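Residues per chain, in single letters:
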Amino acid sequence: MSVLPYRGAWCVRLAGVVLLSAVLALAPQAGQGAPIRRGPVQARSVILLDLDTVTVLYEQDADRKVPPASLTKILSMYVVFDRLRAGGLSLKDKVRVSRAAATTGGSRMGLRAGEKLSLEKLLYGMAVASGNDASCAVAEHVAGSQASFVKMMNAKAQKLGMSRSVFATVNGLPARGQVTTARDMLHLARNYIAMYPDALRYHSTRSITHHGRTSVNRNPLLGTYQGADGLKTGWTTASGYNIITTARRGKTRLLAVLLGAGDSHVRKREIQRLMDAGFAVRAGKAASVAAALGVSPKKTVASRK
């Protein structure tokens, strides 16, 4: 009887043991955890603000132009809240969904042409499901058409000082010339929270259900990061993975914008690392966010805005 099959199997087992031993030797020991990455934030553009003192704690290429993707919906909701405050609109308004809205692609709430639902539920659809269909339905209800609503959005952006931003769609779906910057998005989010703090209830909601379809909020910090209660994520091929996030711990509320991460895992890791550094500074555990991140001072700018 040949011994070659047995010998081959023995060699394979031995090789497997050697390989496993090498992997275990290189892996962190139990209880140590994975090492924390240090260095600049891995994204195209970032900025971090202490909302209470209105101090920019860290920025990295914050004026670089990047497509906003679904972060656009924050501006859209801002315009709606302005109209609600001015009168003539109500959260109880019944909005009829057009065929154009119902057939909008990308991320969806799952609307059907001809159905009617409250403006408030559509706002949840925009914030939680990142519903492009919900954004279109709301825009048509508020302004009569999506094109008219886009004009309102750009007027609002200019009023807020978002001088480097141009919006061409109501929901952030790709369009030629549609761009923003981390600094402009910071202006937007800061004013939005200041004017409509109750809006965070939409952005902190974890899931919604419509027609039996449950949509989960894509903000990776909700429920996993202490104090996180907003705001929005976004993605397109051109923009990469974007996020605006805010969290409060004690008397400190931080607001951060990250544009153009390589994937959703990098986005989560890097925005959390940035927020951790900010809270470390405010707790007196680090001299600066740059120091906490392990970034050379020449690569960051700290200032008051």
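Our structure's up above, just so we're on the same page.
If you're wondering where the values come from, they're calculated on a predicted model, not measured in any experiment.

### A closer look at the packing of helix α2 (residues 72-86) against helix α4 (residues 119-127)
At step 1: The interhelical angle for the contact between α2 and α4, taken along N-to-C directions, is 160 degrees, at an axis separation of 10 Å. What the angle tells us is that α2 and α4 run roughly antiparallel. Considering only the axes of α2 and α4, their crossing is left-handed. Mapping the contact onto sequence places Lys73, Ser76, Met77, Val80, Phe81 and Leu84 in α2 and Leu119, Leu123, Met126 and Ala127 in α4.
At step 2: A class-by-class count of the residues in the contact of α2 with α4 yields eight nonpolar, one polar and one charged.

### Observations regarding α2
At step 1: Across its 15 residues, α2 extends 22 Å between first and last C-alpha, which sits within 8% of the 21 Å expected from 1.5 Å per residue.
At step 2: Most of α2 sits inside the fold, with eleven of its 15 residues counted as buried.
At step 3: Taken together, the buried positions of α2 are Thr72, Lys73, Ile74, Leu75, Ser76, Met77, Tyr78, Val79, Val80, Phe81 and Leu84.
At step 4: Backbone geometry just after α2 places Gly87 at a positive phi near 100 degrees.

### A closer look at the nonpolar core
At step 1: Of all hydrophobic cores here, the largest spans 61 residues; its most connected members are Phe81, Leu122, Tyr192, Leu231, Ile244 and Leu255.
At step 2: Take this core: its biggest share by element is eight residues, from α2.
At step 3: Apart from the residues within four sequence positions on either side, Leu122 is in contact with Val95, Met109, Leu111, Leu117, Ala134, Ala137 and Val138.

### Structural notes on the environment of Thr209
At step 1: Mapped onto the secondary structure, Thr209 falls in strand β5 (residues 207-210).
At step 2: On the accessibility criterion, Thr209 (43% relative accessible area) is partly exposed.
At step 3: Thr209 sits 80 residues away from Ala129 along the chain, and the two C-alpha atoms are 9.2 Å apart.

### Thoughts on the side chain of Arg267
At step 1: In this structure, Arg267 sits in helix α9 (residues 264-282).
At step 2: Notably, Arg267 is buried but unbridged: the nearest opposite-charge side chain belongs to Asp263, and the N-O separation is 8.0 Å.
At step 3: Leaving out residues up to four positions away in the same chain, Arg267 has contacts with Arg218, Thr233, Gly234, Tyr241, Asn242, Ile243, Leu258 and Ala261.

### What to know about the pairing of strand β7 (residues 228-236)
At step 1: For β7, a buried count of eight out of nine residues is recorded, marking the element as mostly surrounded by other parts of the structure.
At step 2: Of the pairings in the sheet, the one linking β7 to strand β8 (residues 240-249) comprises eight bridges and is antiparallel in character. Considered in β8, the bridge of Trp235 is made with Tyr241.

### Overview of the pattern of salt bridges
At step 1: Under the definition given, this model contains twelve salt bridges.
At step 2: Across the pair Arg183 and Asp63 runs a salt bridge, and its minimum N-O distance is 2.7 Å. Linking Arg183 in helix α7 (residues 182-195) with Asp63 in the loop between β2 (55-60) and α2, this pair joins segments that are 120 residues apart in sequence.
At step 3: Note on Arg183: relative accessible area 10%, which makes it buried.
At step 4: The residue Arg253 makes a salt bridge to Asp229 at a minimum N-O spacing of 2.9 Å. Placement of Arg253 in strand β9 (residues 252-261) and of Asp229 in strand β7 is noted, with a sequence separation of 24 residues between them.

### Brief notes about the side chain of Asp184
At step 1: On the secondary structure map, Asp184 appears in helix α7.
At step 2: Buried and unpaired, Asp184 has no salt bridge, with Arg164 as the nearest side chain of opposite charge at 4.7 Å.
At step 3: Of note is the side chain of Asp184, whose polar atom sits 2.9 Å from the backbone nitrogen of Arg164.
At step 4: The contacts of Asp184, once residues within four sequence positions are left out, are Gly161, Met162, Ser163, Arg164 and Ser165.

Conventions used here
- Residues numbered from 1 in each chain as written.
- Predicted model: local features only at pLDDT ≥ 70, side-chain atom pairs only at ≥ 80, totals over all residues.
- Heavy atoms only, no water.
- Axes fitted to C-alpha atoms, helices over the stretch in contact; angles between N-to-C directions.
- Helix = DSSP H or I, 4+ residues; strand = E, 2+ residues; numbered from the N terminus.
- Parallel < 35°, antiparallel > 145°, perpendicular 65-115°, else oblique.
- Left-handed = near helix turned anticlockwise from the far one by under 90°.
- Contact = heavy atoms within 4.5 Å.
- Nonpolar A, V, L, I, M, F, W, Y, C, P; charged D, E, K, R; others polar.
- Expected span 1.5 Å × (residues − 1).
- Buried < 20%, exposed > 50% of the residue type's maximum accessible area, 1.4 Å probe, protein only.
- Core = buried A, V, L, I, M, F, W, Y, C linked by side-chain atoms within 4.5 Å.
- Lys, Arg positive; Asp, Glu negative; His and termini not counted.
- Salt bridge = Lys/Arg side-chain N within 4 Å of Asp/Glu carboxyl O.
- Pairing = 2+ DSSP bridges.
- Polar contact = N/O pair within 3.5 Å; in protein donor to acceptor, adjacent residues only side chain to side chain.

Honestly, it's all geometry; don't read function into it.
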